[in-house]
Amino acid sequence: MPSTRTPHYPHAARTPLGVETVTGEDTPARLPGEARHPAHRLIGRDPGEYLFVGLRGDAPGTPPPHPESAGLPLAPGDICFYDTRQTPVLDFPERFRATVFLVPADLLGLAESDVRRIARTPVGRASRLGTLLSPLLSDLARTSAEARPPVGEMLAWNAVNLLATLATEQLGAQAPGTTGTRSPVLERILEYVELHLTEPDLAPDAIARAHHISVRYLHKLFKDEGTTVGRWILRRRLEECRRDLMRYGRGSRTIAAVAARWGFLSATHFSRVFRAAYGMSPREWRDTAGRATRAGRT
């Protein structure tokens, strides 16, 4: 039967990136999350350490449909993604250790549809990527929780990159947020968006006109992906801005220049949507990433 004990997570660390790492023993009853009604049950086979990745979504009050599987069996060392809005119930041995990364789904480049798919497929410790990443992620979780802030932030960012790679592998795609099963039309549209991402007037009507389809059909294609045209463009622009701010730091490009380069006409609007997506201002992100980079060089 699922454990009914009170969750016990003695070690926790949170970074300005919005990434939180928690570890616990003594059979925690359930994983960290906002949901009151779990979507499914996780079944542990043996004592040991299990790794979980809790994905925070855009709308905590509106959980997605339940995963199809009522119960997912896990072995020690397996890595399991889950939606924090539908926290699974744990049916585990009396003694085990839980290591949990709580990460905004957008930080991994995952759309809503990706989160639903990835939550149904644990990464086995015995798999090719699981063998490599399971012990590494475990070490990163422990070390980042114990390290001083600059180093801890750098380690957390490294963990995010590894988790993004893992998510991409699980989705069978070439990049986070892609599924490998899209229609040729949508694939061409996404390529077009990438090529014109820096243009401020990139909009649904222009995209539809360039591909000889209706705007209505364009919106349907993105709806099937669990997103909208505008949200996709905004997310990709923010991702590129985030990379540029980390790459250039306090160098030759100002925050306003980086925003303008990726199609933002207003620096104020850019700052507002950046904070909404990542939980910090562009300046805070630039300074945090800069400290982590310097710490990694020392």
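Below is a summary of the structure that appears in this document.

What counts and what doesn't
Residues numbered from 1 in each chain as written. Predicted model: local features only at pLDDT ≥ 70, side-chain atom pairs only at ≥ 80, totals over all residues. Heavy atoms only, no water. Pairing = 2+ DSSP bridges. Helix = DSSP H or I, 4+ residues; strand = E, 2+ residues; numbered from the N terminus. Axes fitted to C-alpha atoms, helices over the stretch in contact; angles between N-to-C directions. Buried < 20%, exposed > 50% of the residue type's maximum accessible area, 1.4 Å probe, protein only. Arc of directions from axis to C-beta. Parallel < 35°, antiparallel > 145°, perpendicular 65-115°, else oblique. Left-handed = near helix turned anticlockwise from the far one by under 90°. Contact = heavy atoms within 4.5 Å. Salt bridge = Lys/Arg side-chain N within 4 Å of Asp/Glu carboxyl O.

Looking now at the sheet that holds strand E3 (residues 41-44). What holds strands together in a sheet is hydrogen bonding between their backbones, with the strands either parallel or antiparallel. Strand order in the open sheet formed by three strands is E5-E3-E7, with parallel pairing between adjacent strands. Only two strands of the sheet have a single neighbouring strand rather than two, namely strand E5 (71-74) and strand E7 (89-91). Each strand axis lies, on average, 25° off the axis of its neighbour in the sheet, ignoring direction. Bridge analysis of E3 against E5 gives four bridges, and the strand direction is parallel. Residue pairing for E5: Ile 43 is matched across the bridge by Pro 73.

On to helix H6 (residues 215-223), then. Of the residues making up H6, those classed as buried are Leu 218, Leu 221 and Phe 222. The buried residues of H6 all sit within an arc of 95° when viewed along its axis, so they share a single face. Of the exposed residues in H6, the ones pointing more than 90 degrees away from its buried face are Arg 216 and Lys 223.

Attention shifts here to the pairing of E3. Going residue by residue along E3, you find Leu 42 and Gly 44 tucked away on one face and Arg 41 and Ile 43 left uncovered on the opposite face. The sheet contact formed by E3 and E7 spans three bridges and is parallel. Bridge pairing links Leu 42 to Leu 90 in E7.

The subject of this paragraph is the pairing of strand E8 (residues 97-104). Within E8, eight of the eight residues are buried, which leaves the element mostly enclosed by the surrounding structure. On E8, burial covers both faces: Arg 97, Thr 99, Phe 101 and Val 103 on one face and Ala 98, Val 100, Leu 102 and Pro 104 on the other are all buried. Inspection of the sheet shows strand E4 (residues 49-56) paired to E8 by eight bridges, in the parallel sense. Paired with Gly 54 across the two strands is Leu 102, which belongs to E8.

So, on to the packing of helix H2 (residues 128-146) against helix H3 (residues 149-171). At their nearest, the axes of H2 and H3 sit 10 Å apart, and the two run at 160° to each other. Here H3 runs roughly antiparallel to H2, going by the angle between their axes. For the crossing formed where H2 meets H3, the hand is left-handed. In this structure, H2 contributes Arg 128, Leu 129, Leu 133, Leu 136, Leu 137, Leu 140, Thr 143 and Ser 144 to the contact, and H3 contributes Gly 152, Leu 155, Ala 156, Asn 158, Ala 159, Leu 162, Leu 163, Thr 165, Leu 166 and Glu 169.

Attention now moves to the pattern of salt bridges. Inspection of the entire model under this criterion finds 14 salt bridges. The residue Glu 49 makes a salt bridge to Arg 97 at a minimum N-O spacing of 3.8 Å. Separated by 48 residues along the polypeptide, Glu 49 in strand E4 and Arg 97 in strand E8 bring together distant segments of the chain. There is no split in this pair, since Glu 49 and Arg 97 are both buried. Shared partners join several salt bridges into a network, and the residues in it are Glu 194, Arg 235, Arg 236, Glu 239, Glu 240 and Arg 243.

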